[in-house]
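# Residue-level structure breakdown
Below, each chain spelled out in residue letters.
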Amino acid sequence: MTSTPQPPQGPAPTANAMRRALKRARDGVALDVAESAVLLQARGADLEDLCASAARVRDAGLEAAGRPGVITYSKSVFIPLTRLCRDKCHYCTFATVPGKLRRAGEGMFMSPDEVLAIARRGAELGCKEALITLGDKPEDRWPEAREWLDAHGYDDTIAYVRAVSIRILEETGLLPHLNPGAMSWTDFQRLKPVSASMGMMLETTAERLWSEPGGPHHGSPDKEPAVRLRVLEDAGRSSVPFTSGLLIGIGETYEERAESLFALRRVSRAYHGIQELIMQNFRAKPDTAMRGMPDAELDDLVATVAVARHIMGPAACLQAPPNLVAGEYARLIGAGIDDWGGVSPVTPDHVNPERPWPQIDELAAQSAAAGFRLQERLAVYPEFVQRGEPWLDPRVLPHVRALADPETGLANERAEVRGLPWQEPEDVFVPSGRTELHRAIDTEGRTADRRDDFDDVYGDWEALREAAAPGMVPERIDADVREALRQAADDPTRLTDPQALALLHADGPALDALCRVADDLRRDVTGDDVTYIVTRNINFTNVCYTGCRFCAFAQRRTDADAYTLSLEQVADRAAQAWDVGAVEVCMQGGIHPDLPGTAYFDIARAVKKRVPGMHVHAFSPMEIVNGATRTGLSVREWLAAAKEAGLDTIPGTAAEILDDEVRWVLTKGKLPAATWIEVVKTAHELGIRSSSTMMYGHVDQPRHWLGHFRRLVEIQQETGGFTEFVTLPFIHTNAPVYLAGISRPGPTMRDNRAVTAMARLLLHPHITNIQTSWVKLGAEGAAEMLRSGANDLGGTLMEETISRMAGSSYGSYRSIRDLVAIAEAAGRPARARTTLYGEVPAERRAAALASDGHLPELLPVLED
């Protein structure tokens, strides 16, 4: 028999330390980790004192939430979708092995019919939650799990969870609460449209319990604390109402338990997405490696609940499982809980099968004895029901509203639990809002400099400021700039990282020399011609709930500047562009919650049907992931379908900086760097080429630029799919991250010259076209970049809403004459190109020149 050794606890706290910590708790002063560890050891009269102050905090929160004296629970069914798991937790009896399942006559996964039988029985008894619990990624460990999934047509376990959840919604009306273990950012995007909420216990942040042999989590890849914290953050970034919590008494010290609580608080404050925290006490089970460990004591659980209440504050929802406390309900209520969790009249607790749920009437009586009224909630907590978007997907929102009390957000106990269609919102492409914004942005501007929900939609600004601080610190540069310049001139492919960083920091005469070296290389590689493309941007909607903190384009559907175009309007704009000589439309939009994943196909088809010869350059990697996850297709399948619908190439936007240290400051919910890379590489493999980009000058440093360039080179060496690299200087004026006082006010001219020059050098010889942005830099700035290594001016654009909403002052259109003049200012000739840098047909050139400088049907042209 093996068991986890007892933790090396330090000496008991002194009476003075306990008195001081208790007083701070009573006075409502913020506790630190050391004080919290002291309070976790409170017993007797000290514990009563601690609980009394915690209960007052809880009561204040309930009062503020509009439900004083209410303790909630969820009437649920427990669905153990599969008990196979790739992890080997030493205390777990839920997970099993294929042989045991076969001997018991059970399948590797529950069948849909088995799942629906439980859910239907629950619906008949008034249950409203389907708690779907399963092992982590069983197909990665067990061939039998992979065989079952393949035989039933599912790519992975997440695909089956998604499919089952849709059937539960449609055929029973129960709301899925999903516990599939450690999920990726992409997994959240796949499951959010089919669930009301999700969860995963943090359990502990004590890494030694995972890393050291004999620890309860040793041999379990998904129990690494860093992995689990990343899951919590990805849930917050994805605006998923999320349940988490601690498992206490598995060998952690009091300090480690306190640190775990503070880690939960940090995530909760950063994203406002943790809907409840469960404080669960360890109970030893036979036939497990930890069967000899003592159970966590009730006093230990009570103290943990009370300390958690003080740390998390009055707004937090705290739960303790009622079936694990041997009837000591009053003590948990007194310690500050406000929820009993899921209670099922149908199914057992499959994680703790030896401990049956209490009867709901008993819970109500015990709560009443402590002065509280028991009230039913849904799987998703009332605060999130009332918040609505972006926390609840439009495909699930009707199911939630059918069961919710509209006044309180709690369960409507009289609601009929019945299946409803799970479907895409109707009438997506109905024109709405400021559909003329592409014109009016240059003449009337935006309605306000920020959204009304500025203070909460992007997460906690104070926490973000702390997260941004390390990345804003410049590093010391020791490399010799002169030696680095000599290497750049001789062979830029052999520049070391220290040399490249030295050049990225260059200023004064050294910067001038760097730009000359880059310009000489440009001349050798692409010649003197400055290329440009006659193109039109079409931003088909700016409704978006992703929460990018650098973006001033995104609007809620109810905001004054929000708009969505119809398919007819998109096609009209493409046709107008063709009439004036365009060879390309570049189409991107916000991540509109109502937009089905197939809408992108409809947009491409609409353009190709109206203008068959137009090159469709459309849909950023973020839009591609959005489309794929909403349709249930893989990224590869979705891209293949988009290509068939008319997609020719994709913009390499949404890259920002390919370093998650920076990305998670810039954006709340956009795809991680690894996912961006996966999408782009997959597109290239399918013959869909892309541009590449970098947005810089915000919370980044030259070391991040260097890492970004290196990653682009790695991709290009593998796929050869990039057509160009586009520099995107950060426009700060209306950017939320700047208005909150966190980012820099965009890059300096020194930054712009250094980035352009180093793009030429570091991407050589793999990406040969370096594009500068007149929209962001103006004519003079663009000309300077042409003298610093750039060879391309991008497009005429005809309309440009994203940079203009952010505060760019350089208009939305440049005529061919304007672009030629910018090239001439740099002492160079100009010529038109196609998206793939080919020759433009004579007919297109003639049409463009005939219409040049006067596009009355498109938009007003501003004079410089």
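The following paragraphs examine the structure supplied in this document. (Residues numbered from 1 in each chain as written. Predicted model: local features only at pLDDT ≥ 70, side-chain atom pairs only at ≥ 80, totals over all residues. Heavy atoms only, no water.)

## A short note on the packing of helix 24 (residues 599-610) against helix 26 (residues 635-645)
- Look at helix 24 against helix 26: their axes get within 8 Å of each other, and the N-to-C directions meet at 20 degrees. Taken together, the axes of helix 24 and helix 26 are roughly parallel relative to one another. Of the two elements, helix 24 crosses helix 26, and the hand of that crossing is right-handed. Here helix 24 contributes Y600, F601, A604, R605 and K608 to the contact with helix 26, which in turn contributes W638, A641, A642 and A645.
- Residue composition of the contact of helix 24 with helix 26, by class: seven nonpolar, no polar and two charged. (Axes fitted to C-alpha atoms, helices over the stretch in contact; angles between N-to-C directions. Helix = DSSP H or I, 4+ residues; strand = E, 2+ residues; numbered from the N terminus. Parallel < 35°, antiparallel > 145°, perpendicular 65-115°, else oblique. Left-handed = near helix turned anticlockwise from the far one by under 90°. Contact = heavy atoms within 4.5 Å. Nonpolar A, V, L, I, M, F, W, Y, C, P; charged D, E, K, R; others polar.)

## Focus: the packing of helix 10 (residues 225-237) against helix 11 (residues 254-271)
- At a minimum axis distance of 9 Å, the contact between helix 10 and helix 11 shows a crossing angle of 20 degrees. Considering their axes alone, helix 10 and helix 11 lie roughly parallel with respect to each other. By crossing handedness, the relation of helix 10 to helix 11 is classed as right-handed. In this structure, helix 10 uses L229, L232, E233, G236 and R237 to contact helix 11, whose residues at the interface are A263, L264, R266, V267 and Y271.

## Some words on helix 7 (residues 157-171)
- An ideal rise of 1.5 Å per residue puts 21 Å on 15 residues; helix 7 measures up with 21 Å between its terminal C-alpha atoms.
- Buried residues dominate helix 7, accounting for 11 of its 15 residues.
- All of the buried residues in helix 7 are T157, I158, A159, Y160, V161, R162, V164, S165, I166, I168 and L169.
- With its phi angle positive at about 90 degrees, G173 sits one or two positions after the end of helix 7. (Expected span 1.5 Å × (residues − 1). Buried < 20%, exposed > 50% of the residue type's maximum accessible area, 1.4 Å probe, protein only.)

## Some words on the pattern of salt bridges
- Counted according to the given criterion, the structure contains 61 salt bridges.
- The closest approach of N and O atoms between D648 and K608, which form a salt bridge, is 2.9 Å. With a gap of 40 residues between them, D648 in the loop between helix 26 and helix 27 (660-666) and K608 in helix 24 connect regions that are remote in the sequence.
- Judged by relative accessible area, which is 28%, D648 ranks as partly exposed. (Salt bridge = Lys/Arg side-chain N within 4 Å of Asp/Glu carboxyl O.)

## Observations concerning the nonpolar core
- Core analysis: the biggest nonpolar cluster contains 133 residues, and M587, W676, F709 and M758 have the highest contact counts within it.
- If we ignore the near neighbours within four places in the chain, the residues touching W676 are P621, G652, T653, A654, A655, L658, L671, L712, I715 and F722.
- Among the nonpolar cores identified, the runner-up in size contains 122 residues, and W142, L175, I333 and F384 belong to it. (Core = buried A, V, L, I, M, F, W, Y, C linked by side-chain atoms within 4.5 Å.)

## Details of the packing of aromatic side chains
- In the structure shown here, the tally under the stated rule is 15 aromatic pairs.
- When the centroid spacing of 4.9 Å and the interplanar angle of 50 degrees are considered together, the rings of Y154 and Y160 count as tilted.
- Since its relative accessible area comes to 0%, Y160 is described here as buried.
- When the ring of F540 is compared with that of F619, the centres are 6.4 Å apart and the planes differ by 75 degrees; the resulting orientation is edge-to-face. Residue F540 is found in the loop between strand 12 (535-539) and strand 13 (563-564), and its partner F619 is found in the loop between strand 15 (615-618) and helix 25 (621-631); the two are separated by 79 residues along the sequence. In terms of burial, F540 and F619 fall into one category: buried.
- In textbook terms, an aromatic cluster arises when at least three aromatic residues are bridged by ring pairs, as seen for F540, Y600, F601, F619 and W638.
- Between the NZ or CZ atom of R237 and the centre of the ring of W664, over which it lies, the distance is 3.7 Å. (Phe/Tyr/Trp six-rings, centres within 6.5 Å; stacked < 30°, edge-to-face > 60°. Lys NZ or Arg CZ within 6 Å of the ring centre and 35° of its normal.)

## Regarding the sheet that holds strand 12
- Strand order in the open sheet formed by three strands is 12-14-15, and the pairing between neighbours is parallel. Because the sheet does not close on itself, it has two edges, and the strands there are strand 12 and strand 15. Geometrically, the sheet is characterised by an average inter-axis angle of 25 degrees between neighbouring strands, direction not taken into account.
- Examined bridge by bridge, strand 12 and strand 14 (residues 584-588) share five bridges and lie parallel to one another. (Pairing = 2+ DSSP bridges.)

## A short note on helix 23 (residues 567-579)
- If you check helix 23, its first and last C-alpha atoms are 18 Å apart, about what 13 residues at 1.5 Å a residue would give, namely 18 Å.
- Taken together, the buried positions of helix 23 are V570, A571, R573, A574, A575 and A577.
- Taken from the residues just after helix 23, G581 is the one with a positive phi, measuring 100 degrees.

## Examining the side chain of H90
- Take H90: it is sitting in the loop between strand 1 (70-82) and helix 4 (98-103).
- Polar contacts involving the side chain of H90 include one to the main-chain carbonyl oxygen of G215, which spans 3.1 Å.
- Contact partners of H90, with chain neighbours within four places excluded, come to G214, G215, P216, H218, T288, A289 and M290. (Polar contact = N/O pair within 3.5 Å; in protein donor to acceptor, adjacent residues only side chain to side chain.)

## Looking at the state of the cysteines
- By the definition in use, this model includes zero disulfides.
- No disulfide involves C89; its sulfur sits 6.1 Å from that of C92, the nearest cysteine.
- Exposure remark for C89: the relative accessible area of 15% places this residue in the buried category.
- Its sulfur unpaired, C548 is 6.1 Å from the next cysteine sulfur, which belongs to C551. (Disulfide = S-S within 2.5 Å.)

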